[in-house]
Each structure stands twice: as structure tokens, then as C-alpha cells.
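Listed below are the residues making up each chain.
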Amino acid sequence: MDIYHAGSRAVQDRVGVREDADHVGRAVGEGIKPVAAAFLELQPLLVLGAADPVTGAVWASPLTGAPGFVRATGPRQMSVTGGVRPADPLATALATEGTQVATIALDPRTRRRMRLNGRLRPTPRGFAVTAERVFSNCPRYIQRRESYEVVADRSPGETRRGTELTDAQRAFVESVDTSFIATVHEGEVEVSHKGGNPGFLRAPSPHELTWRDYPGNAMFLTLGNIALDPRAGLLFVDWSTGTVLQLTGKAHTEFGEDGERRVRFTVREVVETPAAVPLRWSAPEYSPANPAPAD
């Protein structure tokens, strides 16, 4: 199974990590191993990325539930009870048979993350995903949060939409330590985690975000997709208030002579929902891998 397309290979070769990528790629499989199944059933949060089947816009969305709402129901099937809110930009995608999706389960308590990509089919209680790629990533850039509580009386506020970031949204983006990005290539989707100390993301204008691409697992699945298809979606979750900020737009990567890579994202649409996630997490312990804020 060749998990890399021409975009990922081009970035790997430019950075000089093709052999490393081949080594890491051998850990990617189609089946859900028992340890992965056990991990999924402990999670109260799943992030999903997909393209809207009507507009083609790419989004990333959070799904939450009591542990067990995500579970392996077969060696190559993950089932999810419930779904996104009706106002979520991926509501149509998750109700459409055959939607290609990418998911990531990230556990701040253990600094572990697992990715599962595949094709979706709606079910009476939610949806199921037939796994095509299953793999885990290292804990680098994941902030540890020891515990969470479910805020029982929290309910989503009115969803606000726009075509640019407000000053408050820009300030929020620049304060976060965790984000998620969804990208696509020829129908296939990837969703990945990007983290760092607050300030690792910048919003220099209402229409643009930028961040440095930190060294990772050498696969370059996200930057590889961006190299061939600029459509992307960003997700930010306030770990305390549950506010969710979702952006869709286009991204491109700039390669510096010093080897630094910087991603620039142009905003097309903004969706903000207060109190959308009913979880309140403890304060973060920043990853020791995070570069200094001024870096």
C-alpha cells in the first residue's frame, strides 16, 4: 500500500527525508488493532475532516460524547454514535453516503493521538467509517491536560458566520496551543494536529493566518496535499469554554533558504459557535518539544 502521492514525495525530497518517511509509513495499516480499539473507546472527543459535497469547501469539526461514543465495531470499522450539530459546516457531509473522511482522536491526558481515514456511511445512530488508513503519531507538540469534566448545563450558543476574522477571533487564534487542519487531494482527506506554545499561530490580518511548520514525522501528508490542492480547513477549540472556531480557505507553503517552512492560510469563511463542546479541560502542561514562543 503506497500511502504517499506525488505531493508528499515532492516535499519529502525537498527536505531530504524520503527514507525516514518510508520507515514511518510502514506503520500505516488498514486494520484497527486491539490497542487502538481500546484507545478509541476512552475518548470524549473526535476531530473529523472532510469536504462539503455541495461546495467543495474543506472543514474540520469536533464531535463529542461519553467515552464509548467512538468505538471499533469490526477489524476495519469505526462507529460513531451521534454526529455534528445541524449548524456545523460538515452536517451535510456526514449525512452523505460515501463521503471520504479523516479523523483524529487526541488524548491530552496521555499525549497520544490516533488517525483513521476512510469512507463514511450514515447509520441510524450516527455513522460508521470503513478504515483505509490507521496509524498513530508521536506525542510531540501535544500539551498535557490531566483531566476534564462534562459541563452538563452547557449548550451551544448562536452560530456566527463571516468572511473574515474579527479582532476577538484573531486574538483567540494567537492564544491557542492546539489546532487541527484538514486537507484534501483527489477526494482523499487528511486531518492533523498542530500544536505549540501560545503565539505559534499568527493572524496578521483578518484574512490571513500563518504558522511555522515544526519538524514532525517526515510523512508530510498535510503539506503534500497542500502542494497539489490548496483547499484546507482549520479548527480551534477553547479547552475551557468549549467555544469552537472553524475556518475554511486556501493554504500554501513557503520554503525558506534556512530550511524553515511556513504555511500561510487565506480565510474564505469563518464559523464560530460559543459553548459548542461540553468539555472543560484542566490547564495545560506545555510539551517540552515546543519551540520557544519567539521562535
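Residues numbered from 1 in each chain as written. Predicted model: local features only at pLDDT ≥ 70, side-chain atom pairs only at ≥ 80, totals over all residues. Heavy atoms only, no water.

A. Local environment of the overall build of the protein. Tallying secondary structure elements over the protein gives six helices and 17 strands in all. The C-alpha atoms of the protein give a radius of gyration of 18 Å, which matches the 19 Å a tight globule of 295 residues would have. In terms of overall dimensions, the protein has C-alpha extents of about 50 × 45 × 40 Å along its principal axes. In the protein, buried positions account for 53% of the 295 residues. Across the protein, every contact between residues at least 6 apart in sequence was considered, and the portion connecting residues at least 24 apart equals 71%. A total accessible area of about 12600 Å² is found for the protein, and carbon and sulfur atoms account for 51% of it. For the protein, the distance from the average position of its 34 positive side-chain charges to the average position of its 35 negative side-chain charges is 3 Å. (Helix = DSSP H or I, 4+ residues; strand = E, 2+ residues; numbered from the N terminus. Rg over C-alpha atoms; globule rule 2.2 N^0.38 Å. Buried < 20%, exposed > 50% of the residue type's maximum accessible area, 1.4 Å probe, protein only. Contact = heavy atoms within 4.5 Å. Areas by Shrake-Rupley, 256 points an atom, 1.4 Å probe, with all protein chains shown as cover. Lys, Arg positive; Asp, Glu negative; His and termini not counted. Charge placed at Lys NZ, Arg CZ, Asp CG, Glu CD.)

B. Local environment of the pairing of strand 2 (residues 58-64). The buried fraction of strand 2 is high, at six of seven residues. Here strand 1 (residues 45-51) pairs with strand 2 via seven bridges, running antiparallel. Within strand 2, the position partnered with Ala 51 by the bridge is Val 58. Hairpin remark: strand 1 followed by strand 2, antiparallel, with six residues in the connecting loop; positive phi at Gly 56, about 80°. (Pairing = 2+ DSSP bridges.)

C. Looking closely at unusual backbone geometry. One non-glycine residue with positive phi stands out, namely Tyr 141, at about 70°. Within the secondary structure layout, Tyr 141 lies in the loop between strand 7 (126-137) and strand 8 (148-150). Looking at Tyr 141, the relative accessible area reads 11%, which means it is buried.

D. View of the pattern of salt bridges. Evaluation of the coordinates by the stated rule reveals 19 salt bridges. The residue Arg 85 makes a salt bridge to Asp 88 at a minimum N-O spacing of 3.4 Å. For Asp 213, the salt bridge identified is with Lys 194, shortest N-O distance 3.6 Å. With Asp 213 in the loop between strand 13 (208-212) and helix 6 (221-228) and Lys 194 in strand 11 (residues 188-195), this residue pair connects regions lying 19 residues apart in the sequence. Sharing partners across several salt bridges, the network here consists of Arg 115, Arg 133, Glu 188 and Glu 190. (Salt bridge = Lys/Arg side-chain N within 4 Å of Asp/Glu carboxyl O.)

E. Geometry of the sheet that holds strand 1. Taken in spatial order, the seven strands line up as 2-1-5-6-7-4-3 in an open sheet, and their pairing is antiparallel. Both edges of this open sheet fall to strand 2 and strand 3 (70-74), since each of them pairs with a single strand only. Taken pair by pair, the neighbouring strands of this sheet meet at an average axis angle of 35°, ignoring direction. Inspection of the sheet shows strand 3 paired to strand 4 (residues 77-81) by four bridges, in the antiparallel sense. Each residue of the ladder has a partner; that of Gly 74, found in strand 4, is Gln 77. (Axes fitted to C-alpha atoms, helices over the stretch in contact; angles between N-to-C directions.)

F. Layout of helix 6. Within helix 6, six of the eight residues are buried, which leaves it mostly tucked inside the rest of the structure. Buried residues of helix 6: Leu 221, Thr 222, Leu 223, Gly 224, Asn 225 and Ile 226, and no others.

G. Summary view of the environment of Asp 52. Relative to the helices and strands, Asp 52 is located in the loop between strand 1 and strand 2. Taking the C-alpha atoms as reference points, Asp 52 and Leu 90, separated by 38 residues in sequence, lie 6.2 Å from one another. The contact partners of Asp 52, leaving out residues within four places of it in the chain, are Ala 57, Pro 89 and Thr 92.

H. Up close: helix 1 (residues 6-15). Restricting attention to buried positions, one finds in helix 1 the residues Gly 7, Ser 8, Arg 9, Val 11 and Gln 12. In the core, the buried residues of helix 1 are packed alongside helix 2 (18-25), helix 6 and strand 15 (244-255).

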